[in-house]
Amino acid sequence: MAAAGSAVGLGNIWKFPYVAGENGGGIFLIIYLVCVLLFGMPLVTTELVIGKRSRKSAYGAFRALRNNDRWQWLSWLCVVTAVLIMGFYFVVTGWCINYLAEAVMNAFKGFDAAQLTAHFQTVTTNTWRVILVSVIPVILTEVVLWFDVNKGIERLSKILMPLLLVMMVIMVVRVLLLDGSKVGLEFFFKTDFSQLSPKVVLVAMGQCFFSLSIGMGALITYGAYMPENQDVPMTSLQVVVLDTIVAVMAGMMIFPAVFAFGFNPAEGPELVFVVLPAIFEQMSFAWLSGVLFFTLLCIAALTSTISLMEVVVAFLVDATSHRPHPLDRRKSVLVTSAMAIALLLVCVLVPNTFDIFAEVTSCYLMPIGALAMSILVGWFLGNSFTTWYGKFFVFTIRWLVPIAIVLIFLNSLRLL
Ligand code: TRP
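Residues numbered from 1 in each chain as written. Predicted model: local features only at pLDDT ≥ 70, side-chain atom pairs only at ≥ 80, totals over all residues. Heavy atoms only, no water.

A separate point is the overall build of the protein chain. Counting its regular elements, the protein chain contains 17 helices and zero strands. Against the 2.2 N^0.38 benchmark of 22 Å for 416 residues, the protein chain shows a C-alpha radius of gyration of 21 Å, consistent with a compact globule. Across its three principal axes, the protein chain shows a C-alpha extent of roughly 65 × 50 × 40 Å. Across the 416 residues that make up the protein chain, the buried fraction comes to 58%. (Helix = DSSP H or I, 4+ residues; strand = E, 2+ residues; numbered from the N terminus. Rg over C-alpha atoms; globule rule 2.2 N^0.38 Å. Buried < 20%, exposed > 50% of the residue type's maximum accessible area, 1.4 Å probe, protein only.)

The subject of this paragraph is the environment of Leu-296. Structurally, Leu-296 can be placed in helix 14 (residues 286–320). Looking at Leu-296, the relative accessible area reads 2%, which means it is buried. For Leu-296 and Pro-162, which are 134 residues apart along the polypeptide, the C-alpha to C-alpha distance reads 10.0 Å. Leu-296 has contacts with Leu-160, Met-161, Leu-163, Leu-164 and Met-167, leaving out every residue within four places of it along the chain. (Contact = heavy atoms within 4.5 Å.)

Attention now moves to the pattern of salt bridges. Under the defined criterion, the tally for this structure stands at five salt bridges. The shortest N-O distance in the salt bridge between Glu-102 and Arg-129 comes to 2.7 Å. With Glu-102 in helix 5 (residues 72–104) and Arg-129 in helix 7 (residues 127–146), the pair connects residues that are 27 residues apart, well separated along the chain. When its relative accessible area of 29% is taken as the criterion, Arg-129 is described as partly exposed. A salt bridge links Asp-148 to Arg-329; the shortest N-O distance between them is 3.9 Å. Of this pair, Asp-148 sits in the loop between helix 7 and helix 8 (150–176) while Arg-329 sits in helix 15 (residues 329–349); the two residues are 181 residues apart in sequence, bridging distant segments of the chain. Arg-329 gets classed as partly exposed once you look at its relative accessible area, which sits at 28%. (Salt bridge = Lys/Arg side-chain N within 4 Å of Asp/Glu carboxyl O.)

With that out of the way, let us pick up the nonpolar core. Judged by nonpolar contacts, the single largest core of 150 residues is most densely connected at Trp-14, Phe-39, Leu-276 and Phe-293. Examining the composition of this core, we find that 20 residues originate from one element, helix 5, more than from any other. Non-local contacts of Phe-39, meaning those with residues more than four positions away in its chain, are made with Met-205, Cys-208, Phe-209, Ile-214, Val-401, Ala-404, Ile-405 and Ile-408. (Core = buried A, V, L, I, M, F, W, Y, C linked by side-chain atoms within 4.5 Å.)

Another point: helix 4 (residues 58–66). Every buried residue belonging to helix 4 is among Ala-58, Tyr-59, Gly-60, Ala-61, Phe-62 and Leu-65, and all of these are buried. Just downstream of helix 4, Asn-67 is the residue with a positive phi angle, here 60 degrees.

Moving on to the packing of aromatic side chains. This model, assessed by the stated rule, comprises 33 aromatic pairs. Relative to Phe-120, the ring of Trp-95 has its centre 5.1 Å away and its plane inclined at 85 degrees; by these criteria the two rings are edge-to-face. Residue Trp-95 is found in helix 5, and its partner Phe-120 is found in helix 6 (residues 113–125); the two are separated by 25 residues along the sequence. Across the pair, exposure class does not vary: Trp-95 and Phe-120 are buried alike. Consider the rings of Trp-388 and Tyr-389, whose centres lie 5.6 Å apart with planes at 90 degrees: the pair is edge-to-face. The exposed category is assigned to Trp-388, whose relative accessible area is 70%. The aromatic ring of Phe-385 is capped on one face by Arg-53, whose charged end is 4.6 Å from the ring centroid. Taking the ring centre of Trp-379 as reference, the NZ or CZ of Arg-398 above it sits at 5.0 Å. (Phe/Tyr/Trp six-rings, centres within 6.5 Å; stacked < 30°, edge-to-face > 60°. Lys NZ or Arg CZ within 6 Å of the ring centre and 35° of its normal.)

Given below as structure tokens:
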């Protein structure tokens with residue numbers, strides 16, 4: 001459940017609809033689902049296995065498994081990826097907090113599509129406001145890690161995440177009752193192969209890595225804490241299925257509304273922020289629905305930022321433990337928060353960095369990390385898997401996963 005909490009986040013509800021909208025809808029969905037089957041299952045398993053066998057975080061795990069330092073660069077790759085993701089993830093979490101506050105104050109009551117789009121611009125171009133609301137989740141995450149209340153958060157998210165799902169089901173039903181919603185369903189579920197391009201495939205692969213939190217060592221930490229007798233493949237399956245259900249539901253809630261209200265599906269990162277308030281307007285208990293949904297969205301985002309920051313914190317503790325000036329957990333939490341704030345400032349203040357960080361991490365760094373991890377487990381530890389599904393798993397990460405990632409890279413560079 002904790003790993004599912006890490007996986008389910010803004011990647012599902014914010015990013016999935018907007019990248020799907022930018023990349024042709026139905027064709028993106030199909031390729032995304034293929035990526036989830038091809039990469040998701042095997043790679044979630046790979047990371048959990050690395051953690052469970054080494055009982056270490058991303059810093060020590062590769063070294064422990066191989067008894068040498070040759071894989072140490074991979075630990076660095078993981079932590080660099082985590083730091084870059086923190087940069088834009090906190091900004092988007094900040095937007096969520098801003099919208100929650102506005103939902104509480106009923107700020108967008110009666111707004112039409114054009115007004116909602118303009119409103120998003122007003123909010124996000126107000127630099128000080130964005131910085132302020134983005135620092136709030138950094139502090140909240142810091143408090144959770146500082147006081148080690150992860151357990152409490154886990155218990156809380158066990159109640160709240162199912163509630164988020166229920167809320168989404170209600171919203172999907174409401175949205176499907178709108179006039180003109182069928183067009184949106186068609187956009188999302190109808191596969192138009194003429195829209196297929198190397199970029200669509202690359203972005204779908206990146207979205208799969210991002211949404212499942214794979215390729216940057218976050219799940220290694222969860223594997224490290226897994227009880228000895230807990231089943232890895234079953235856990236992976238649960239994480240993957242849950243994450244995918246939430247993403248598909250987000251699409252089913254956003255796209256019918258997009259077409260019913262006359263938004264543009266390729267709107268970009270603002271898509272859900274302009275569409276959601278429009279949906280709440282149509283619901284009974286509009287105020288309550290808006291407040292409840294944005295609250296749950298903020299909590300889903302925070303369970304992801306906790307695990308994201310934890311990667312960096314654990315890295316700093318482990319990497320400095322045998323140095324003259326080791327960082328203890330709390331100092332590492334402070335250093336990590338400082339890095340998060342520095343990176344979010346870069347994202348807010350330097351033009352284009354937001355998009356560059358988002359693209360580079362999902363489309364390149366995470367697939368490269370996953371490629372290396374699949375080779376490590378597939379080729380160096382492969383013989384230790386004896387069950388039939390273990391053997392099938394080894395076959396996929398030895399051959400299918402690395403070859404597919406390389407082909408998608410080559411294809412996107414138009415070298416095929
Ligand atoms: N999977 C998270 C989401 O969908 C985002 C994420 C990417 C993440 N990489 C991560 C979360 C690593 C935790 C750890 O929102």
